[in-house]
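One-letter residues, chain by chain:
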Amino acid sequence: MQAVAQNISYTEYMERVFKENISLTAKSLDLDIADAGVTNSKVFNDPTLAVSYTNNEDWSKGLGQGIEVELGKRFTFGVRRERMNIAESERKQTIALFEEYIRNFRADATIAYLEHLRAGMIHAEAIEVYNSLNEVATNDSIRFIKGDIAESDWLESRMAQGVARNEVLDTEAKLCNTAIMMGYYMNSLASAENLRGTGTLEINGEPAPIQEYINTALERRPDIVVALERADMAKARARFNNAQRRPELDINIGATYNFSNPDFTTLKAGIAVPLKFSSLNKGARIIDATVAHQTEIEVSEARLLVETEVMQAYHSFSFTVKQAETFSSDMLNDMRKVVENKRKAYELGEIPFLDYLIVQRNENEMRHQYIDALFNKAVAWVELQRSTGLVLQYEAK
């Protein structure tokens, strides 16, 4: 028993993808981790508590015995603030990286849907060709029994029918595989092979001037934001390292209770300043300055790469539009009429079967090229929007 197809529109598909995809859910946890990092950066230095026991004489005499308790804390100047700035920069970078992931994820999921539509259209064409050749082969078997055609024509039509049948099975397998990929994106593989996308590869969308796309991409592409945040974080780390080189202050207070006769208590307080001779080494400062300069160069590189990708995507879309325009409905309809006329001529015995089969295959190849042209145009439209960083707008007619 053949399974019932489960129709799903592009809108329904994308809603389920963003709601249920497991890798997207896992990636979104990076945002929670970054928020926790900001919270963690706000902690203060912990104080230290020391307790010690001393005994300088014979235990039986009780002389020189004492207990000492000391509380201390190290104070730094600007380290905590700069640590918080680094955590905030890391949080912003994580957000930008997540948006970059979403940009590519949305486009990839859309292309998976388009590949399924393409497979569905090719499968439908294969079924139509098979039905036509199957009808011819059935008629030829009757005509051969009556003696109206030669055995070679009957065998040729049977072979063509078998080839067409195999093509139907092959395209059906590809259709099921693309449906399974859609199920993967929706995190649901149960009966995923029965999914069937609705609509066609015809898209609604007209390109804007190329400079508008470039300007939009330079403002909105998440990978440029990532590069900018990396530059900011490099500066924040340099400030943090400078803060760590500043003098620190250790303050200690304590009390010692002596068990001698008479007993007595000693109070003490102290200040310690670490001597940071290591700060005189300029190597760390050179590293910080070099890394900051490097990230600034990477920002320029990211802008150049984004502009390159937009220009390539724009021209790719423009050429695929021209390719799709070479196929018209009149051209496809005329080719179909030619095939029908050749079939009638064969059935009337005016031409051999191979002449009809060649025309049939030419029409099939033309329709495949037409489907590929529509698919390439739709994918190029998706890639153009991916390159600009815009929220993907795709609507199948």
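Residues numbered from 1 in each chain as written. Predicted model: local features only at pLDDT ≥ 70, side-chain atom pairs only at ≥ 80, totals over all residues. Heavy atoms only, no water.

Colleague: Teacher, can you tell me more about the sheet that holds strand 3 (residues 65–75) here?
Modeller: What the four strands build is an open sheet, ordered 2-3-5-6; its pairing is antiparallel. Two strands lie at the open edges of the sheet, namely strand 2 (48–55) and strand 6 (264–272), each paired on one side alone. Direction aside, neighbouring strands of the sheet carry axes that sit 15° apart on average. Where strand 3 and strand 5 (residues 249–258) come together, 10 bridges link them in antiparallel fashion. Note that in strand 5 the partner of L71 across the bridge is I253. (Pairing = 2+ DSSP bridges. Helix = DSSP H or I, 4+ residues; strand = E, 2+ residues; numbered from the N terminus. Axes fitted to C-alpha atoms, helices over the stretch in contact; angles between N-to-C directions.)

Colleague: Honestly, the side chain of E363 in this entry has me stumped. Any pointers?
Modeller: Inspection of the secondary structure puts E363 in helix 9 (residues 353–388). Not counting residues within four places of it along the chain, the set of residues in contact with E363 comprises M335, R336 and V339. (Contact = heavy atoms within 4.5 Å.)

Colleague: What is the right way to read the packing of helix 3 (residues 79–146) against helix 6 (residues 222–245) from this model?
Modeller: A pair of packed helices is characterised by two quantities: the angle between their axes and the separation of those axes. The contact between helix 3 and helix 6 brings their axes to 9 Å, and the two run at 165°. It follows that helix 3 is roughly antiparallel to helix 6 by the angle criterion. The way helix 3 lies across helix 6 gives a crossing that is left-handed. Residue composition of the contact of helix 3 with helix 6, by class: 11 nonpolar, three polar and 13 charged. (Parallel < 35°, antiparallel > 145°, perpendicular 65-115°, else oblique. Left-handed = near helix turned anticlockwise from the far one by under 90°. Nonpolar A, V, L, I, M, F, W, Y, C, P; charged D, E, K, R; others polar.)

Colleague: Honestly, the packing of helix 7 (residues 283–325) against helix 9 in this entry has me stumped. Any pointers?
Modeller: Where helix 7 meets helix 9, the axes come as close as 8 Å, and the angle between the chain directions of the two elements is 160°. Classified by the angle their axes make, helix 7 and helix 9 are roughly antiparallel. Along this stretch, helix 7 crosses helix 9, giving a crossing that reads as left-handed. Mapping the contact onto sequence places V306, E309, V310, A313, Y314, S316, F317, T320, V321, Q323 and A324 in helix 7 and A373, N376, K377, A380, W381, E383, L384, S387 and T388 in helix 9. Residues that form the contact of helix 7 with helix 9 fall into these classes: 11 nonpolar, six polar and three charged.

Colleague: I would appreciate a short explanation of the pattern of salt bridges in the present structure.
Modeller: When their charged atoms lie close together, side chains carrying opposite charge are able to pair. Within the structure shown, the criterion is met by 25 salt bridges. Residues D250 and R74 are paired through a salt bridge, measuring 2.7 Å at the closest nitrogen-oxygen approach. Note that D250 is positioned in strand 5 and R74 in strand 3, a separation of 176 residues in sequence. Of the charged contacts in the structure, one is a salt bridge between R237 and E90, with a shortest N-O distance of 2.9 Å. Here E90 lies in helix 3 and R237 lies in helix 6, a separation of 147 residues in the sequence. A relative accessible area of 40% places R237 in the partly exposed class. For E90, a relative accessible area of 34% translates into the label partly exposed. Residues joined in a network through salt bridges with shared partners are E125, E128, R336, E363 and R367. (Salt bridge = Lys/Arg side-chain N within 4 Å of Asp/Glu carboxyl O. Buried < 20%, exposed > 50% of the residue type's maximum accessible area, 1.4 Å probe, protein only.)

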